[in-house]
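# Secondary and tertiary structure notes
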Amino acid sequence: MRFSFAALAATCLALQVPAPGSANACGRNMGVVPAPARKAIARTSNPSQVLIVGSGRRLSSDLTVAGHQVEVVDDLATAKRDRYAVVLVESSAQASAARERFRDSTVLVRTGSSRDDERAVEEHVRPMAVAARPAPNPVDSKPARIPRDAGPPRSAPMQLMTAKQAEPATLEPPRATTVGVRAELQEEIFFSRVGGKTIGRNTALDRTLAWLTTNATATIVVEGYADPSGTADANLVLSGERAAAVKAYLVGAGIDAARIDVKPLGDTMLKYGRSDGRNRRVAISAAR
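Anyway, here's the lowdown on the structure attached to this text. Just so we're clear, the structure is a prediction, and the values are computed from it rather than from any experiment.

### Some points on the pairing of strand β5 (residues 86–89)
- Neither face of β5 is open: one carries V86 and L88, the other V87 and V89, and all of them are buried.
- Across three bridges, the pairing between strand β3 (residues 49–53) and β5 is parallel. Across the sheet, residue I52 finds its bridge partner in β5, namely L88.
- By the bridge criterion, four bridges tie β5 to strand β6 (residues 106–109) in an arrangement that is parallel.

As structure tokens, then:
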């Protein structure tokens, strides 16, 4: 058999290169075993405060990657918080001291395996399932109502009845009003001229007539006044004449004279300033 030079060279090289994964030490071949791949840390479903007492760099890193807030201390006295979800210690003696200080925390003694310690932390911070409330008992419904009989069927159609014609209404004469006295009657009539005592129709007199018509049994008081420009006696007479003129107007409009009481007061009771012309007036009010 004849071999080519290239094939012979390839064979020699293959015999000289050692196989991967082996080493030669003191004339012995030693196989190299690769380290197993580390499993990725799962994200926690309940992030919590975790305290690690003693050395625990790898465990602290794993728990931090999982989402927990981890604090590592050499001594319990140096812990920053008063409460943790889980406290990891290295010995039973530390566990007793940790339970004394952190009464509301879960205290665990480390196993030496970071993976087992992490699994133990997850078991103790996992949220507890809340029991569902029992379903309420159904309320008995009321029995269905039995429809009442609407009566026997009609054999013959209903007959239409002729409506009765309305009788013409009889008009009655208006009745006299008997409404009680309306105390809000307060009217004033002014005289623009000094010594004036004649009046004509005005709004105040119209309101007074309407009030007397509505309150058919009421009486009124008509008070006459004068300004202090004249003598006291003359002013008293003038104020009486002014009040009498108002009474005459109301009587002429149909009001009974017995329902009107006239009072002349002259200039003895000035409502406005002494130089104010509104003191030449007549005041009308309901009798008390």
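### A closer look at the pattern of salt bridges
- Going through the model one piece at a time under the given rule, you end up with ten salt bridges.
- A salt bridge links R207 to E187, with the nearest nitrogen and oxygen atoms 2.8 Å apart. One end of the pair, R207, is in helix α5 (residues 203–214); the other, E187, is in strand β7 (residues 186–190), and 20 residues separate them in sequence.
- Assessed through its relative accessible area of 10%, E187 is described here as buried.
- Linked through salt bridges whose partners overlap, the residues forming this network are E188, K271 and R281.

### Some words on the side chain of S60
- In this structure, S60 sits in helix α2 (residues 57–66).
- With relative accessibility at 15%, the residue S60 sits in the buried group.
- The residues contacting S60, other than those within four sequence positions of it, are I52, V70 and V72.

### Some remarks on the packing of α2 against helix α4 (residues 114–125)
- Contact geometry of α2 with α4 gives a least axis separation of 10 Å together with a crossing angle of 45°. Regarding the angle of α2 to α4, the classification is oblique. Between α2 and α4 lies a crossing of right-handed hand. Across from R58, L59, D62, L63 and A66 in α2, the residues of α4 making contact are S114, D117, E118, V121 and E122.
- For the contact of α2 with α4, the per-class residue count stands at four nonpolar, one polar and five charged.

### Section: helix α6 (residues 232–252)
- The first and last C-alpha atoms of α6 sit 30 Å apart over 21 residues, in line with the 30 Å expected at 1.5 Å per residue.
- The positive-phi residue at the C-terminal boundary of α6 is G254, with phi of around 110°.

### Considerations on the sheet that holds β3
- Taken in spatial order, the four strands of this open sheet run β4-β3-β5-β6, and their pairing is parallel. With one partner strand each, in any of the chains shown, β4 (69–73) and β6 form the two edges of the open sheet. Direction aside, the axes of adjacent strands within the sheet are offset by 20° on average.
- Sheet topology places β3 next to β4; five bridges connect them, and they run parallel. Residue V53 lies in a different strand from β4, and its bridge partner there is V73.

### Digging into the sheet that holds strand β9 (residues 260–264)
- Pairing in this open sheet of four strands is mixed, and the strands run β7-β10-β8-β9 from one edge to the other. At either margin of the open sheet sits one strand with a lone partner, and together these are β7 and β9. In this sheet, adjacent strand axes meet at a mean angle of 20° when their direction is disregarded.
- Pairing of strand β8 (residues 220–224) with β9 involves five bridges; the strand directions are parallel.

### Quick word on the packing of aromatic side chains
- Applying the stated criterion across every chain, the model contains one aromatic pair.
- With a centroid separation of 5.4 Å and an interplanar angle of 80°, the aromatic rings of Y84 and F102 are classed as edge-to-face. One end of the pair, Y84, is in the loop between β4 and β5; the other, F102, is in the loop between α3 (92–101) and β6, and 18 residues separate them in sequence. Assigned by exposure class, Y84 and F102 land together as buried.

### Side note on the environment of D256
- Examined against the element boundaries, D256 turns out to sit in the loop between α6 and β9.
- Note on D256: relative accessible area 46%, which makes it partly exposed.
- Separated by 44 residues in the primary sequence, D256 and L212 have C-alpha atoms spaced 9.7 Å apart.
- Among the polar contacts listed, one links the side chain of D256 to the backbone nitrogen of A258, at a separation of 3.2 Å.

Calculation criteria
Residues numbered from 1 in each chain as written. Predicted model: local features only at pLDDT ≥ 70, side-chain atom pairs only at ≥ 80, totals over all residues. Heavy atoms only, no water. Buried < 20%, exposed > 50% of the residue type's maximum accessible area, 1.4 Å probe, protein only. Helix = DSSP H or I, 4+ residues; strand = E, 2+ residues; numbered from the N terminus. Pairing = 2+ DSSP bridges. Salt bridge = Lys/Arg side-chain N within 4 Å of Asp/Glu carboxyl O. Contact = heavy atoms within 4.5 Å. Axes fitted to C-alpha atoms, helices over the stretch in contact; angles between N-to-C directions. Parallel < 35°, antiparallel > 145°, perpendicular 65-115°, else oblique. Left-handed = near helix turned anticlockwise from the far one by under 90°. Nonpolar A, V, L, I, M, F, W, Y, C, P; charged D, E, K, R; others polar. Expected span 1.5 Å × (residues − 1). Phe/Tyr/Trp six-rings, centres within 6.5 Å; stacked < 30°, edge-to-face > 60°. Polar contact = N/O pair within 3.5 Å; in protein donor to acceptor, adjacent residues only side chain to side chain.

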